Amino acid sequence: MSYETTRRTVLLATGASSAAALVAACGGGGGDNGSASTDSPTGEGATSGPAGRVLAGTDEIPVGGGKIFKDEEIVVTQPEQGRFKAFSAICTHQRCMVGSVSDGTINCPCHGSRFEITDGSVAQGPATRPLPAEPITMEGNSIRLT
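Residues numbered from 1 in each chain as written. Predicted model: local features only at pLDDT ≥ 70, side-chain atom pairs only at ≥ 80, totals over all residues. Heavy atoms only, no water.

### Quick look at unusual backbone geometry
Phi at Glu73 is positive, roughly 55 degrees, even though this residue is not glycine. In this structure, Glu73 sits in the loop between β2 (65–69) and β3 (74–80). The partly exposed category is assigned to Glu73, whose relative accessible area is 36%. Residue Asp103 is not a glycine yet carries a positive backbone phi of 50 degrees. Its place among the elements puts Asp103 in the loop between β5 (100–102) and β6 (105–107). (Helix = DSSP H or I, 4+ residues; strand = E, 2+ residues; numbered from the N terminus. Buried < 20%, exposed > 50% of the residue type's maximum accessible area, 1.4 Å probe, protein only.)

### Details of the state of the cysteines
What the rule picks out here adds up to one disulfide. In this model, Cys96 is linked to Cys110 through a disulfide, with the two sulfur atoms separated by 2.2 Å. Where Cys96 bonds to Cys110 through sulfur, the torsion about that S-S bond is close to -110 degrees, and the disulfide is left-handed. Residue Cys96 is located in the loop between β4 (83–88) and β5, and its partner Cys110 is located in the loop between β6 and β7 (114–116); the two are separated by 14 residues in the primary sequence. No disulfide involves Cys91; its sulfur sits 3.9 Å from the nearest other cysteine sulfur, which is in Cys108. (Disulfide = S-S within 2.5 Å.)

### A short note on the pattern of salt bridges
By the definition in use, this model includes four salt bridges. Note that Lys67 and Glu60 form a salt bridge whose closest N and O atoms lie 3.0 Å from each other. Taking relative accessible area as the criterion, Glu60 reaches 39% and is therefore assigned partly exposed. For the salt bridge of Glu80 with Arg83, the shortest nitrogen-to-oxygen distance reads 3.5 Å. (Salt bridge = Lys/Arg side-chain N within 4 Å of Asp/Glu carboxyl O.)

### Considering the side chain of Asn107
Structurally, Asn107 is set in strand β6. Take Asn107: its relative accessible area is 12%, and that puts it in the buried class. Excluding residues that lie within four positions of it along the chain, Asn107 makes contacts with Val98, Gly99, Ser100, Val101, Ser102, Ser113 and Arg114. (Contact = heavy atoms within 4.5 Å.)

Put into structure tokens, the structure is as follows:
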């Protein structure tokens, strides 16, 4: 039995493989509804960087501020004494790296978006989605990426 390649067969095959690639690229996202942030020392959400790696000592993160870890693309904040949070350091507006943490916000230098250090929510646009939470754990005086 011989098979004839038709224009329809080629278009269907191309469409199916494109759809599969799109689904694979979009799958597994941590969501951006901001609900992943918790009041516990461990945030939950998307991961990046090497797991279990010590990011910083607790004394390196100022109360009411934070520190950006560019290599890991993570920002760690300490909204209140002893309470640490971690978020993606990539702005949800146009994927620029955030540039500073001050006055209770994580600040993007590209277009002026600001995010709350407590939960990553948008304090000022143009961004419309919060920074995704990143999982960290406390071990003694160390903050670890999990």
